[in-house]
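What follows is the residue order along each chain.
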Amino acid sequence: SALLQVRQLFPDSTETLFDVEVWLAQLDAIEGHPELSVRRVNRALEIYGDAVPRETVAWAQYTLAHFLSRMDRTDQSVAILEDLAGNESLTPFRRATAAELLAALLSENGDAQAAVGVLDEAIAAESEMHAELVDRGVIGLSDQGGGADVGGARCLDESADGPSGVARRDPIVDDEHA
């Protein structure tokens, strides 16, 4: 794989090595090996986590939370996402991503009220997070219809099966980190 070649080309770039491991974990997940994905991200965090920017670590952590949620390890996933969403040292982009993923996970597990609460807190906490969530289409103005009210806004519903309360993104595909 090209990612393995990147490791060989940049053996002294800690951040590149970290990124490669997380991207390889994503490929492992796509290929149906979620346990390997979790091990790979945890290993990358253990080896490189202290040497890469906090924002990059956060990207890996919510990617890990995504893998865990797909393995029915919801409690672990929720704990990671709650920590990230509430971490004021992170950028609004990272915090909004964690809040969005947390809300989607809660909604998928039948707790739409808690999902709306997560987004409501994100909106109240920081206007830049609110703007980020609006830009993504997770929330919109209350006159847009469909979905649950969230602090004067609504959670948009992408589901044809009925209201889920929260639009779902995939951090593997939708994250701007590369």
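A short tour of the structure in this document, coming up. Computed from a prediction, not measured in an experiment: that's the story for all the values here.

Criteria and thresholds
Residues numbered from 1 in each chain as written. Predicted model: local features only at pLDDT ≥ 70, side-chain atom pairs only at ≥ 80, totals over all residues. Heavy atoms only, no water. Helix = DSSP H or I, 4+ residues; strand = E, 2+ residues; numbered from the N terminus. Expected span 1.5 Å × (residues − 1). Contact = heavy atoms within 4.5 Å. Axes fitted to C-alpha atoms, helices over the stretch in contact; angles between N-to-C directions. Parallel < 35°, antiparallel > 145°, perpendicular 65-115°, else oblique. Left-handed = near helix turned anticlockwise from the far one by under 90°. Nonpolar A, V, L, I, M, F, W, Y, C, P; charged D, E, K, R; others polar. Salt bridge = Lys/Arg side-chain N within 4 Å of Asp/Glu carboxyl O. Buried < 20%, exposed > 50% of the residue type's maximum accessible area, 1.4 Å probe, protein only.

In an α-helix, one full turn covers 3.6 residues, which means residues spaced three or four apart are oriented alike. Here helix 5 (residues 74–85) is 12 residues long and its end C-alpha atoms lie 16 Å apart, about the 16 Å a rise of 1.5 Å per residue gives. Buried residues belonging to helix 5 abut helix 4 (54–70) and helix 6 (92–108).

Turning to the packing of helix 2 (residues 14–30) against helix 4, a few remarks are in order. Contact geometry for helix 2 and helix 4: axes closest at 11 Å, N-to-C directions at 15 degrees. Between helix 2 and helix 4, the angle is such that the two are roughly parallel. Between helix 2 and helix 4 lies a crossing whose hand is left-handed. Across from Glu15, Phe18, Asp19, Val22, Trp23, Ala25, Gln26 and Ala29 in helix 2, the residues of helix 4 making contact are Thr56, Val57, Trp59, Ala60, Thr63 and Phe67. Class assignment for the residues of the contact of helix 2 with helix 4 results in nine nonpolar, three polar and two charged.

Considering all chains together, one arrives at six salt bridges under this definition. A salt bridge links arginine 40 to glutamate 21; the nearest nitrogen and oxygen atoms lie 3.1 Å apart. On the criterion of sequence distance, the pair formed by arginine 40 in helix 3 (residues 34–48) and glutamate 21 in helix 2 is long-range, its members being 19 residues apart. The pair arginine 40 / glutamate 21 is uniform in exposure class, with both members buried. Two residues, arginine 40 and aspartate 28, come together in a salt bridge whose shortest N-O distance is 2.9 Å.

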